Amino acid sequence: MARAPLTPASVTEAGAVLADEVGLAGLSMGLLAERLGVKTPSLYKHVSGQADLLHRIAVLGADEVADTVRDATQGRSGTEALAAAANAMRTFAREHPGRYDAANSARSTDPEDPFVAASTRLLASLAAVLHGYEIDPAQEIHALRLLRSVLHGFADIEGSGGFQLDTDVDESFAWMVSLVDRGLASLARQTT
């Protein structure tokens, strides 16, 4: 059976799958070529090199996590939306660690870069979660940074195996989300 022709999208997807398996640091053009059953130079017809591949995986990962959070929170608000967003991000980071790492390590200075649009969509989904708390607009950016930092920090530490204490990690996660929920609710009370 003939293999499907490679495209930038198929090379990126295969790279993302491989990054999820071996970790972003373990991904190489040679390893990807081996996975795809081609010689390494063949990949350069579809991506310009390792940096381009990693950036494409970052865009893919950011798009996917943005969609995941958006879908999880649709039709929900307040506590329910926060819990759904938190669980969606944590699950995505567990199931797609390479993509998640790529999306969190990418940077862009070009407003036309697709990564900017993808990461903006994720922030918009998290901002929508905050709308249910009726936070003073002047404090929204601080609350958004808190939410992103807490969720990413937990996912990052969990993904690297950093939680070594005997306490159940799921219990700690639920406790953290509850604490953030109470904190956000207290901000809403301050503005009324």
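Note that the structure is predicted; figures quoted are calculated from it, not measured. (Residues numbered from 1 in each chain as written. Predicted model: local features only at pLDDT ≥ 70, side-chain atom pairs only at ≥ 80, totals over all residues. Heavy atoms only, no water.)

**Student:** So what's going on with the overall build of the chain? Residues and values would help.
**Tutor:** On a plain count of helices and strands, the chain comes out with nine helices and zero strands. When the elements of the chain are put in sequence order from the N terminus, they spell out α-α-α-α-α-α-α-α-α. Structurally, the chain occupies a C-alpha span of about 65 × 45 × 30 Å along its principal axes. Within the chain, contacts between residues at least 6 apart in sequence are counted, and of these 67% link residues at least 24 apart. In the chain, the 16 positive side-chain charges and the 25 negative ones have mean positions that sit 5 Å from each other. (Helix = DSSP H or I, 4+ residues; strand = E, 2+ residues; numbered from the N terminus. Contact = heavy atoms within 4.5 Å. Lys, Arg positive; Asp, Glu negative; His and termini not counted. Charge placed at Lys NZ, Arg CZ, Asp CG, Glu CD.)

**Student:** Could you give an account of the environment of Arg148, naming the residues involved and the relevant values?
**Tutor:** Relative to the assigned elements, Arg148 resides in helix H8 (residues 137–159). We classify Arg148 as partly exposed; its relative accessible area is 41%. Expressed as a C-alpha distance, the spacing of Arg148 and Leu123, which sit 25 residues apart in the sequence, is 8.3 Å. Sequence-distant contacts of Arg148, defined by excluding residues within four places in its chain, comprise Asn104, Leu123, Leu126 and Gly153. (Buried < 20%, exposed > 50% of the residue type's maximum accessible area, 1.4 Å probe, protein only.)

**Student:** Residue-level account of the nonpolar core, with values.
**Tutor:** One finds Val69, Leu82, Leu126, Leu147 and Leu184 to be the most contacted residues of the largest nonpolar core, which totals 32 residues. Among the elements that take part in this core, helix H5 (residues 78–95) stands out by supplying nine residues, more than any other. With residues near it in sequence (within four places) discarded, Leu184 still touches Leu82, Leu130, Tyr133, Ile135 and Ala143. With 25 residues, the next largest nonpolar core counts Ala14, Leu18, Leu27 and Phe115 among its residues. (Core = buried A, V, L, I, M, F, W, Y, C linked by side-chain atoms within 4.5 Å.)

**Student:** Tell me what's going on with the packing of helix H4 (residues 50–73) against helix H7 (residues 114–131), and back it up with residues and numbers.
**Tutor:** Contact geometry of H4 with H7 gives a least axis separation of 8 Å together with a crossing angle of 20°. Classed by the angle they form, the pair H4 and H7 counts as roughly parallel. The two elements H4 and H7 meet at a crossing, and its hand is left-handed. Contacts between H4 and H7 involve His55, Ala58, Val59, Ala62, Asp63, Val65, Ala66, Asp67, Val69, Arg70 and Thr73 from the first element and Pro114, Phe115, Ala118, Ser119, Arg121, Leu122, Ser125, Leu126 and Val129 from the second. Of the residues belonging to the contact of H4 with H7, the class tally is twelve nonpolar, four polar and four charged. (Axes fitted to C-alpha atoms, helices over the stretch in contact; angles between N-to-C directions. Parallel < 35°, antiparallel > 145°, perpendicular 65-115°, else oblique. Left-handed = near helix turned anticlockwise from the far one by under 90°. Nonpolar A, V, L, I, M, F, W, Y, C, P; charged D, E, K, R; others polar.)

**Student:** How would you sum up the packing of aromatic side chains? Please name residues and give values.
**Tutor:** All chains considered together, the criterion is met by two aromatic pairs. Where Phe154 meets Phe163, the ring centres are 4.7 Å apart and the plane angle is 40°; that geometry is what we call tilted. Both rings, one in Phe154 and one in Phe173, keep their centres 5.0 Å apart while their planes meet at 65°; by these two values the pair is edge-to-face. Highlighted residues: Phe154 in helix H8 and Phe173 in helix H9 (residues 169–191), separated in sequence by 19 residues. Classification of Phe154 by relative accessible area gives buried; the value is 8%. Taken together, the ring pairs in this structure connect Phe154, Phe163 and Phe173 into an aromatic cluster. (Phe/Tyr/Trp six-rings, centres within 6.5 Å; stacked < 30°, edge-to-face > 60°.)

**Student:** Describe the confidence of the model for the chain, and please don't skip the residues or the numbers.
**Tutor:** Any segment with low pLDDT has predicted coordinates that should not be analysed in fine detail. Overall, the predicted model of the chain reaches an average pLDDT of 92, with 96% of residues at or above 70. Mean pLDDT across the elements of the chain bottoms out in H9 (89) and peaks in helix H1 (residues 8–22) (97). (pLDDT = per-residue confidence, 0-100.)

**Student:** Run through the packing of H5 against H8, naming residues and quoting values.
**Tutor:** The N-to-C vectors of H5 and H8 enclose an angle of 35°; their axes lie 10 Å apart at closest approach. Along this stretch, H5 crosses H8, giving a crossing that reads as right-handed. From H5, Leu82, Ala86, Met89, Arg90, Ala93 and Arg94 reach across to H8, where they touch Leu147, Leu151, Phe154, Ala155 and Glu158. Of the residues assigned to the contact of H5 with H8, the class counts are eight nonpolar, no polar and three charged.

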